[in-house]
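# Reading the structure
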Amino acid sequence: MHNRDFHPESLMMTHGYKPELSEGAIKCPIFQTSTFVFKNAEEGKAFFEVAYGKREKDPHEELGLIYSRLNNPDLQILEERLSLWDKADECCVFESGMSAISTVMLEFLRPGDVILYSKPVYGGTDHFVNKVLPEYGINGLGFTSEQSKDEVLEMIKSKDLRSKVKVIYIETPANPTNALFDIEMCKEIADELSTPDQEVVIVVDNTYMGPLWQQPLKHGADLVVYSATKYIGGHSDLIAGAVLGKSAHMQRVRRLRTFLGNMAGPWTGWLLMRSLETLKIRMTQQAENAKHVADFLLNHPKVEKVYYLGHLTEGDPSYKTYKNQLSCAGAMVSFDVKGGEKEAFKFLNSLKLMKLAVSLGSTESLAEHPATMTHSDVSDEDRDLLHISDKLVRLSIGVEHYSDIIWDIEQALEQI
Ligand SMILES: *Cc1c(COP(=O)(O)O)cnc(C)c1O
């Protein structure tokens, strides 16, 4: 009875924070400061040696505070807490999800390399892979959840890219249809393509499911990335990102963050710590509400198809991945209305409680039209392939009473 591995939710209020260093304040203050005072010159030297990787930290040595671009208590404590959910060695918080994603790509790719990525990925990610990286001589190659391991490998070989793939980047469940990618299958592909002096790094964007119910590192991912703007922040009031993984990879990510200078500020760090205290109860309620909503939609005469993980059955090709990789169906529900854009817009324009906005994972329920909004940049061909049609509506379910959300959806469907 001397030690216990507390659940992450039990540690979100206190972990990593020492009240005695802050006048006994129960909560971590906002360290709104650019720089930190050294006790003496020797201490300053020692802190820099560790920060710039000139020597390893001694086992009991605390990471010294130097300058807020390198580290700040509001980020450091937040990073320790976030690491608990994904069971990661380390975490780096960024000023946006896109800065987290682009920093990882810039660190692990070089001119001539190829990034193999799942389709569809977040619009900003897609733009970075297909429009920005090519300017640096790096190209993207997409694959869908319907392609098997052999088909993906065959595609890579037929394009003569076997020795060029250096990063496998996946988003699962995929936005907006909840299509699943098997992380363990990606690990097998990475093993197949890796050579003794060149490992293929697997990166999973876990934003769509959030940190509670899918731990990609456990299934073979090297790095997990988040838009902390979504579930982690959870209140639609900030933009932030995070990267998590093993120390060896994270040291490289942290180094590039230091020199790109795209870390989050102390105020954002503080807000995210506040958000983390309620992450589990928020997400649990959101997922419970989503189940009620999805079940309601399933039986509605004006709804053609519902995309919700909780409805997968043993016959579905992705059922095995769902059972193996996820412990909850999450809070994102999409559906096809009967009709097309006109009917979908009528539904969206008729909502009274839910808001018409992009983004997801927040306390308020949101609805949007992927084909003309979040995924309007996707080519027509890919949109067909990925079932992102004009009749598709995406819902992010919040913490309201589920019967009010359902009432709103029901009255809006009646307007069609
Ligand atoms: C929102 C989002 C991003 C981008 O994050 P920002 O915080 O907006 O920069 C990346 N990936 C996914 C899956 C997202 O939903």
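Residues numbered from 1 in each chain as written. Predicted model: local features only at pLDDT ≥ 70, side-chain atom pairs only at ≥ 80, totals over all residues. Heavy atoms only, no water.

With mixed pairing, the 7 strands of this open sheet are ordered in space as 1-7-6-5-4-2-3. Strand pairing shows two members of the sheet lacking a second neighbour, strand 1 (90-94) and strand 3 (139-143), which therefore form its edges. Along the sheet, successive strands turn relative to each other by an average axial angle of 20°, direction set aside. Where strand 5 (residues 201-205) and strand 6 (residues 223-227) come together, 3 bridges link them in parallel fashion. Counterpart to V203 in the pairing with strand 6 is L223. (Pairing = 2+ DSSP bridges. Helix = DSSP H or I, 4+ residues; strand = E, 2+ residues; numbered from the N terminus. Axes fitted to C-alpha atoms, helices over the stretch in contact; angles between N-to-C directions.)

Here we take up helix 8 (residues 247-260). The α-helix winds at 3.6 residues per turn, so residues separated by three or four positions along the chain end up facing the same way. The end-to-end C-alpha distance of helix 8, which contains 14 residues, comes to 19 Å, matching closely the 20 Å that a straight helix rising 1.5 Å per residue would cover. Listing the buried residues of helix 8 in full gives H249, M250, V253, L256, R257 and T258. Contacts from the buried residues of helix 8 go to helix 3 (73-86), strand 1, helix 4 (97-108), strand 5, strand 6 and strand 7 (241-245). Following helix 8 by one or two positions, G261 has its phi on the positive side, about 70°. (Expected span 1.5 Å × (residues − 1). Buried < 20%, exposed > 50% of the residue type's maximum accessible area, 1.4 Å probe, protein only. Contact = heavy atoms within 4.5 Å.)

Okay, the sheet that holds strand 9 (residues 332-337) next. Spatially, 5 strands are ordered 8-9-12-11-10 in an open sheet, and the strand pairing comes out mixed. Only two strands of the sheet have a single neighbouring strand rather than two, namely strand 8 (303-307) and strand 10 (355-356). Relative to strand 12 (residues 392-396), strand 9 runs antiparallel, the two sharing 5 bridges. Note on strand 12: the bridge partner recorded for V333 is L395.

Among the 13 residues in the neighbourhood of the ligand, the closest are listed as M98, D205, S227, T229 and K230. Residue D205 places a side-chain N or O atom 2.8 Å away from a nitrogen atom belonging to the ligand. One of the side-chain nitrogen or oxygen atoms of T229 is found 2.6 Å away from an oxygen atom of the ligand. Within the complex, 93% of the 390 Å² of free accessible area of the ligand lies under protein. (Near = heavy atom within 4 Å. Polar contact = N/O pair within 3.5 Å; in protein donor to acceptor, adjacent residues only side chain to side chain. Areas by Shrake-Rupley, 256 points an atom, 1.4 Å probe, with all protein chains shown as cover.)

Taking 1.5 Å of rise per residue, 14 residues should cover 20 Å, and helix 3 covers 21 Å from first to last C-alpha, within 8% of that figure. Among the 14 residues of helix 3, 12 are classified as buried, and the element is accordingly described as predominantly covered. Those residues of helix 3 lying buried are P73, D74, L75, Q76, I77, L78, E79, R81, L82, S83, W85 and D86. N-cap assignment for helix 3: the residue whose side-chain oxygen lies 2.8 Å from the backbone N of D74 is N72. After helix 3 finishes, the residue K87 shows a positive phi value of roughly 50°.

Take the state of the cysteines next. Applying the stated rule across the entire model yields 0 disulfides. Counting only cysteine sulfurs, C91 is the nearest neighbor of C92, a cysteine outside any disulfide, at a range of 6.6 Å. (Disulfide = S-S within 2.5 Å.)

Turning to its location among the elements, R81 is positioned in helix 3. There is no salt bridge for the buried R81, and the closest opposite charge comes from E277, which lies 5.0 Å off by N-O distance. (Lys, Arg positive; Asp, Glu negative; His and termini not counted. Salt bridge = Lys/Arg side-chain N within 4 Å of Asp/Glu carboxyl O.)

So, about the environment of S163. Mapped onto the fold, S163 is located in the loop between helix 6 (149-158) and strand 4 (165-171). When the C-alpha atoms of S163 and W213 are compared, they prove to be 34 Å apart, with 50 residues separating the residues in sequence.

On to the packing of helix 10 (residues 279-298) against helix 14 (residues 402-414). Here helix 10 crosses helix 14 at 30°, and the two axes come no closer than 9 Å. In terms of their interaxial angle, helix 10 and helix 14 are classed as roughly parallel. In the crossing of helix 10 with helix 14, the sense of the turn from one axis to the other is right-handed. Across the interface between the two elements, N289, H292, V293, F296 and L297 of helix 10 pack against Y402, I405, I406, I409, E410 and L413 of helix 14. For the contact of helix 10 with helix 14, the class distribution of residues is 8 nonpolar, 2 polar and 1 charged. (Parallel < 35°, antiparallel > 145°, perpendicular 65-115°, else oblique. Left-handed = near helix turned anticlockwise from the far one by under 90°. Nonpolar A, V, L, I, M, F, W, Y, C, P; charged D, E, K, R; others polar.)

Right, let's talk about the layout of surface pockets for a bit. If you add up the space inside the largest pocket, you get close to 1700 Å³. Lining of the largest pocket is provided by 45 residues; of these, E62, L63, G64, N71 and Q76 occupy positions nearest its centre. For the lining of the largest pocket, the secondary structure elements donating two or more residues are helix 2 (41-51), helix 3, strand 1 and helix 8. Taken together, the residues that form the lining of the largest pocket break down as 19 nonpolar, 11 polar and 15 charged. Each pocket or cavity is described by its volume, and for the second largest pocket that value is around 870 Å³. Along the wall of the second largest pocket there are 31 residues; nearest its centre are S145, A179, L180, L312 and S318. (1 Å grid on protein atoms, 1.4 Å probe; cavity = no way out; pocket = protein on both sides within 12 Å on 5 of 7 lines; lining within 4 Å. Points joined across faces, edges and corners; volume = space filled by probe spheres on them.)

Right, let's get into the UniProt feature "modified residue: N6-(pyridoxal phosphate)lysine" (unreviewed entry) in the protein chain. Look at the UniProt record and you will see "modified residue: N6-(pyridoxal phosphate)lysine" (unreviewed entry) annotated at K230. You can call K230 buried: its relative accessible area is 8%. If near-sequence neighbours (up to four positions away) are discounted, K230 is found in contact with Y122, T207, S359, L360 and G361. (UniProt positions renumbered as here; feature names shortened; annotations may be inferred.)

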